[in-house]
Each structure stands twice: as C-alpha cells, then as structure tokens.
Amino acid sequence: MTGRRVIVTGVPGVGKTTVVTGALKVLEGEGISYRSLNFGTYMFETAQKEGLARDRDEMRRLPGDIQKTLQQSAARAMARESGNILVDTHASVKTPKGFMAGLPEWVLRELMPDTLILVETDEDQILMRRLSDETRTRDMEGSGAIADHQQFNRAIAASYSMLTGCTIKYITNADFLLDRAVEEMAAVLR
Ligand code: AP5
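Throughout, a residue's number is its position along its own chain's written sequence, starting from 1. Where totals are concerned, whole chains, interfaces and linings use all residues; where local detail is concerned, this predicted model gives features only for residues with pLDDT of at least 70, and gives and counts side-chain atom pairs only at 80 or more. The side-chain figures draw on all heavy atoms in the structure; neither hydrogens nor water molecules are used.

As a further point, take the pairing of strand 6 (residues 115-120). When a residue's accessible area, from a 1.4 Å probe over protein chains only, is under 20% of the maximum for its type it is buried; when over 50% it is exposed; and in between it is partly exposed. Numbering of helices and strands runs from the N terminus, with a helix taken as a DSSP run of H or I at least four residues long and a strand as a DSSP run of E at least two residues long. Counting buried residues in strand 6 gives six out of six residues, a clear majority hidden from the surface. Residues of strand 6 alternate between two faces, with T115, I117 and V119 on one and L116, L118 and E120 on the opposite face, all of them buried. At least two bridges found by DSSP between two strands are what make those strands a pair. Pairing of strand 1 (residues 5-9) with strand 6 involves four bridges; the strand directions are parallel. Bridge assignment links I7 to a residue of strand 6, and that residue is L116.

Printed below as a string of structure tokens:
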C-alpha cells in the first residue's frame, strides 16, 4: 500500500462516519482525496456470503474465532488498496465475552497506519444518539458502560502506537459542534 493510511475509530454511535464524510467533503474541495473503507462492511460482505450474519450488528455476537477470521480477511483485502486510505473501524469491539481488539497485531501488520484517530464525546450524548438511531440494533447499555468502553479504547490505542509507531489523535464530536470535529479531522488528513 502506498500513500497515507489513517484509521478512524470510536464507539458505536459516536458519529465517526458522519465526521469522516464531512472531512472528506472539505478535502475534496481542496483536491485531496482519500478512499474511505468501512471495515465492518468488508467483514459483513464475507459474513453474509457465508450465511454467518444477517446484519452488521449480529457480527459482534459471533464466536470469537469466526470474528477473527472475518477481521483477517477484511484487513488483507484493504491492504491491497493503494493511494490515501481512510479505514473506518473500531479500536475495540464489545462482545458477550468481553472487549475484543479491533486492530490486533495481524490486522495492524496488514494496514500499518500512519495515524489512528479516536472520535469521542460525552457518554450521555452517545447514549442519546444510539437511542434515536432506529436503523441499527444497538447494544443496550448505560452511559457508565459507554464511558468504560471509551476509556478502554484510549488504553488499547496506546498499544497500537507501540506496535506500529502511528500517532494517536483524539477528536471530540460534541452535540452542535460537528463542524469543529470535521475541521479537526480534515486538518489531520491534509
Ligand atoms: P460499524 O459499521 O462501524 O458500526 P458502528 O460502530 O455501529 O458505527 P456506526 O456507523 O453506526 O456509528 P458511527 O460512530 O459511525 O456513527 P454515525 O456517524 O452513524 O461496524 C459494524 C460492525 O462491524 C461492528 O459492530 C463490529 O461487529 C464489526 N467491526 C468493525 N470493525 C471491526 C474490527 N476492526 N474488528 C472486529 N469487528 C469489527 O452517527 C450516529 C448518529 O449520531 C447519527 O444519527 C448522526 O447523525 C448523529 N451525530 C453524529 N455526529 C453528531 C453531532 N456532532 N451532534 C449530533 N448528532 C450527531
């Protein structure tokens, strides 16, 4: 893979896809292009083909070894892309058996990011966004559990930096301040 490789992460519903879409639009106007790849979409295409999951929310409840196989094949497929790449994914995935690394060593070896972004905001705002999104089957959890997940993501991101030498950037995507998050992400991607 050539070009810049940026990985964008954040707990479900924090708004990472919304911020990515806004930042890529800003950059497009400046003649800077990134190919945006959604890790969950790559995984789901295989899971669906093999009859393992009916929707993307079902994947995090599959047995761990199956999730790892899906993860590995998604990473391999993405590694074949060239140019500037932005991967929309998760630092960790909450499974019924605990947190699973979203970017274990075998995934990082394929992707070798230059920068990893964590999109974050207050847990109460994330809870409200999940409750208002009827298109997805979100896990029912309180704001304390969401805060724990965000904290775990910061910890595991540090280990990803140790493994790859990538920089780690936190971006806050607060209610009514989407523009600020979009501009901050565009600045990292420029
Ligand atoms: P994925 O598709 O990434 O699902 P997700 O985490 O649920 O992500 P979403 O796209 O739903 O949330 P988002 O944070 O992007 O929020 P959005 O922009 O939509 O992953 C699916 C599955 O794939 C995972 O569950 C997992 O199983 C698997 N997977 C993925 N990567 C993996 C990996 N590496 N390893 C293993 N498994 C992996 O916004 C949400 C809402 O908030 C919207 O309504 C939006 O309008 C609103 N909003 C956004 N910003 C603001 C704001 N500033 N103010 C007010 N509202 C806002």
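With that settled, consider the side chain of R5. In this structure, R5 sits in strand 1. Neither His nor the chain termini are counted; the positive set is Lys and Arg, and the negative set is Asp and Glu. For this document, the term salt bridge refers to a Lys or Arg side-chain nitrogen within 4 Å of an Asp or Glu carboxyl oxygen. Buried and unpaired, R5 has no salt bridge, with D114 as the nearest side chain of opposite charge at 4.2 Å. Polar side-chain contacts of R5 include one of 3.1 Å to the backbone oxygen of M112. Here a polar contact is taken to be a pair of N or O atoms separated by no more than 3.5 Å, where protein atoms must pair a possible hydrogen donor with a possible acceptor and residues adjacent in sequence count only if both atoms sit in side chains.

Its location among the elements puts T115 in strand 6. A relative accessible area of 5% means that T115 is categorised as buried. In this structure the side chain of T115 is engaged in a polar contact, spanning 3.4 Å, whose partner is the side chain of R4. Within the local environment of T115, its side chain forms a polar contact with the side chain of T167, the two groups lying 2.9 Å apart.

Another point: a nonpolar patch on the surface. A cluster of nonpolar side chains, contributed by M128, L131 and M140, occupies part of the molecular surface with about 370 Å² of accessible area. Mapping M140 onto the fold places it in the loop between helix 5 (123-132) and helix 6 (143-164). Patches here are clusters of residues that have more than 30% relative accessible area and form no salt bridge, with a 9 Å joining cutoff for like charges and a 5 Å cutoff for nonpolar side chains (Val, Leu, Ile, Met, Phe, Trp, Tyr). Note on areas: Shrake-Rupley with a 1.4 Å probe; residue coverage comes only from the protein chains shown.

It is worth stressing that arrangement in space is one thing and function is another; only the former is reported here.
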